[in-house]
Amino acid sequence: MIEALNIHKRFDDLKALDDASFKLNDGEVVCIVGPSGSGKSTLCRALCGLEKIDSGKIIYDEKAIDFNNTNDAKIVHQKTGFVFQHFNLFPHLTVLDNLTLGYLQNKKGSKEEAKALAVELLNRVGINDKLDAYPGNLSGGQKQRVAIARSLMLKPKYLLMDEPTSALDPEMVKEVLDVMKDLAQSGMTMLIVTHEMHFASHIAKRIIFMDEGKIIEEASAFDFFNHPKSDRLKQFLSKMLY
Ligand SMILES: Nc1ncnc2c1ncn2[C@@H]1O[C@H](COP(=O)(O)OP(=O)(O)OP(=O)(O)O)[C@@H](O)[C@H]1O
Ligand SMILES: [Mg+2]
């Protein structure tokens, strides 16, 4: 289980996270939605140690994590795969090398084992024919599927995704959402920041609504859309097309 407890994060006067707490239970898929600037990415970045928090606790499997401690940071990175809006693939490396780099750096196995796993994962995301291609020669949807395959190389227990489809052309969104659906159905524990409301309503066990750094409401997917409680969420949903 991943837990965030009373997280506060300021950028000067701006409260990016204001007493945010939530839990991600093993085997659960939770989506985070909310308006632009509400703190969703900051929360994701805090959970992977890319953003230092001012106060509060981040707990992975009952262990409070101090990202200043390299051992703690290592624990998080071994347990968790991260996928961001802008792929972050290395442009000078082939798809295969993008996938195997972290595996080999972490001494998880031999080059042959790394390649076999990479091929298996690329098969899973439907692009096993792109092993030797460079990211620059892939479509956005293909790049993101490579990024997802890469995030699975260390066999993570958790997958954290921050708007994995929002930089994609509309016709490529579905191929990435399908891969995410497949992962969810395989039992992967996932936290997904998304603007895809229709997708969230189908895939999420719970949905969290953030605004102004706060977690305003948390509900089952059904209740979230059919029985929103707070005025802020009602207003947000009324402006959404889904
Ligand atoms: N490095 C930074 N320095 C200063 N302010 C920042 C920084 N990162 C984020 N912020 C601010 O913190 C607030 C929360 O930003 P965040 O990126 O978490 O929002 P978000 O919910 O992910 O928005 P979006 O849906 O547009 O991605 C915003 O007001 C943003 O401008
Ligand atoms: Mg964001």
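The rules behind the values
Residues numbered from 1 in each chain as written. Chains lettered and ligands numbered in written order. Predicted model: local features only at pLDDT ≥ 70, side-chain atom pairs only at ≥ 80, totals over all residues. Heavy atoms only, no water. Helix = DSSP H or I, 4+ residues; strand = E, 2+ residues; numbered from the N terminus. Buried < 20%, exposed > 50% of the residue type's maximum accessible area, 1.4 Å probe, protein only. Contact = heavy atoms within 4.5 Å. Pairing = 2+ DSSP bridges. Axes fitted to C-alpha atoms, helices over the stretch in contact; angles between N-to-C directions. Phe/Tyr/Trp six-rings, centres within 6.5 Å; stacked < 30°, edge-to-face > 60°.

Draft legend 1. Quick peek at the environment of Gly213. Along the chain, the position of Gly213 falls in the loop between strand S9 (206-211) and strand S10 (214-220). Take Gly213: its relative accessible area is 0%, and that puts it in the buried class. Not counting the four nearest positions on each side in its chain, Gly213 is found in contact with Lys15, Ala16, Leu17, Asp18, Ala20 and Ser38.

Draft legend 2. Representation of the pairing of strand S7 (residues 158-162) within the structure. Of all 5 residues in S7, 5 are buried; the element is thus mostly enclosed. The alternating pattern of S7 places Tyr158, Leu160 and Asp162 and Leu159 and Met161 on opposite faces, both of which are buried. Pairing analysis gives 5 bridges linking S7 to strand S8 (residues 189-193), with the strands arranged parallel. Opposite Tyr158, over in S8, you have Thr189 as the bridge partner.

Draft legend 3. Quick look at the sheet that holds S9. Read across the open sheet, the 6 strands follow the order S6-S7-S8-S3-S9-S10; overall the sheet is mixed. The sheet is open, and its two edges are formed by strand S6 (80-83) and S10, each paired on a single side. Direction aside, the axes of adjacent strands within the sheet are offset by 15° on average. The strands touched by helix H1 (residues 40-47) within the sheet are strand S3 (29-33), S7, S8 and S9, with S7 carrying the most contacts at an inclination of about 145°. Strands in contact with helix H9 (residues 231-238) are S3, S9 and S10; relative to S9, the strand with the most contacts, it is inclined by about 100°.

Draft legend 4. Highlighting H1. A large share of H1 lies buried, amounting to 6 of its 8 residues. Those residues of H1 lying buried are Lys40, Thr42, Leu43, Cys44, Ala46 and Leu47. Following H1 by one or two positions, Gly49 adopts a phi angle in the positive range, close to 85°.

Draft legend 5. Up close: the packing of aromatic side chains. Under the definition given, this model contains 4 aromatic pairs. On the basis of an interplanar angle of 75° and a centroid distance of 6.1 Å, the ring pair of Tyr60 and Tyr158 is categorised as edge-to-face. Placement of the pair is Tyr60 in strand S4 (residues 55-60) and Tyr158 in strand S7, with a sequence separation of 98 residues. For Tyr60, a relative accessible area of 1% translates into the label buried.

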